[in-house]
Amino acid sequence: MARSLGRIYKGFQRLGSLSSTQTQLRHPPTTVSVRGTTFVRTMVALPSLFFSKPRDFSLPNSSWGSEMMRLYEHYNSQCEVETEEGEKQEGPWRRLPSYNRFLKYATGKSADCDISLKIIQSKARLFTRNIRDPGAAFEYVLFVNSEEQKCMCIFQAGHLLEGPPGHVHGGAIATMIDTVTGTHATILSGPVMTANLNINYRRPIPLGSTVLLESSLDKKEGRKTFISCKVTSSDGSKLHTETTALFLSINFSQLLLGE
């Protein structure tokens, strides 16, 4: 394990993740004498990067519109259901927390992945979460249905995502499609990377509106996971995009090391 952690730490350095948060000495060096040999001992404090409590961006905030809240409550109510005997049990849907934590729900995790996630999940997050002003850009929440092998995303686009006047930028739509299908593929297959996204834009999305992204598993072949996704209006009456995606399973520690 020590060797794996050492390799992962080197991977972080290579990626520049720790460039602004280097480890610092917590206590001044002290000397220890063992059988006549003197050693210098230091107490090193790991960066707060690894220990601060992550924020769950998938919970409602003041910027969510009425349609966003309605859909959230609809799917959230199906995460826990009540039996005829009045007991609570897990429902067909499950809400996923913010991007920085979804990997812990992957079914295909490796030992390397487990070690890596314990170190990085406290701060790592997709750039869609870097804008902290509520409602300014990407507001979304994901729900997964393991039995139906589907992932549903409720997405509300903020003013910073404008492309054509009054409508969402095509690149922002592609980002959300990659986020949803990538999350879904990771839950199904463990750590993956996008190999191909084929997006057909059918109808522009009005800025500030709420849409649904529905991701479905098509098939799995070895390292390959094939996903399809459609973006519709909140009531399902309008089709905005259709997508097919291919993801390849990867070794997580090799990704960190850039190999």
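The preceding data block contains the structure.
On a predicted model such as this, the values are computed, not experimentally measured, just so you know.

Notes on the pattern of salt bridges
Part 1: Using the criterion set out here, one finds five salt bridges in the structure.
Part 2: The salt bridge partner of Arg 70 is Glu 67, with a shortest N-O separation of 2.8 Å. Separated by three residues within a single helix, Arg 70 and Glu 67 lie in helix H2 (residues 66-76), roughly one turn from each other.
Part 3: Arg 70 gets classed as partly exposed once you look at its relative accessible area, which sits at 43%.
Part 4: One salt bridge in this structure joins Glu 214 and Lys 150, with 3.1 Å as the shortest N-O distance. Taken together, the residues span a long stretch of sequence, with Glu 214 in strand E9 (residues 210-221) and Lys 150 in strand E7 (residues 150-157) at a distance of 64 residues.
Part 5: On the basis of relative accessible area, Lys 150 is assigned to the partly exposed category, the value being 26%.

Section: the nonpolar core
Part 1: In this structure, Phe 138, Cys 153, Phe 155, Leu 161, Met 176 and Leu 213 are the most contacted members of the largest nonpolar core, which totals 25 residues.
Part 2: For this core, the secondary-structure elements that each account for two or more residues are strand E6 (138-145), E7, helix H4 (170-189), E9 and strand E10 (224-233).
Part 3: The biggest single contributor to this core is H4, with seven residues.
Part 4: Apart from the residues within four sequence positions on either side, Leu 213 is in contact with Cys 151, Met 152, Cys 153, Phe 155, Met 176, Ile 177, Val 180, Cys 229, Lys 230 and Val 231.

Thoughts on the sheet that holds E10
Part 1: What the seven strands build is an open sheet, ordered E5-E6-E7-E9-E10-E11-E8; its pairing is antiparallel. Because the sheet does not close on itself, it has two edges, and the strands there are strand E5 (94-96) and strand E8 (192-201). If you compare each strand with its neighbour and ignore which way they point, the axes differ by 25 degrees on average.
Part 2: One ladder, built from seven bridges, connects E7 with E9; its direction is antiparallel. Paired with Cys 151 across the two strands is Ser 215, which belongs to E9.
Part 3: Sheet strands touched by H4: E5, E6, E7, E8, E9, E10 and strand E11 (239-249). Its angle to E8, the strand with the most contacts, is close to 135 degrees.

Looking at the environment of Ser 249
Part 1: The topology assignment puts Ser 249 in strand E11.
Part 2: As for Ser 249 and Lys 224, which are separated by 25 residues in sequence, their C-alpha atoms are 6.6 Å apart.

Reading the values: the criteria
Residues numbered from 1 in each chain as written. Predicted model: local features only at pLDDT ≥ 70, side-chain atom pairs only at ≥ 80, totals over all residues. Heavy atoms only, no water. Salt bridge = Lys/Arg side-chain N within 4 Å of Asp/Glu carboxyl O. Helix = DSSP H or I, 4+ residues; strand = E, 2+ residues; numbered from the N terminus. Buried < 20%, exposed > 50% of the residue type's maximum accessible area, 1.4 Å probe, protein only. Core = buried A, V, L, I, M, F, W, Y, C linked by side-chain atoms within 4.5 Å. Contact = heavy atoms within 4.5 Å. Pairing = 2+ DSSP bridges. Axes fitted to C-alpha atoms, helices over the stretch in contact; angles between N-to-C directions.

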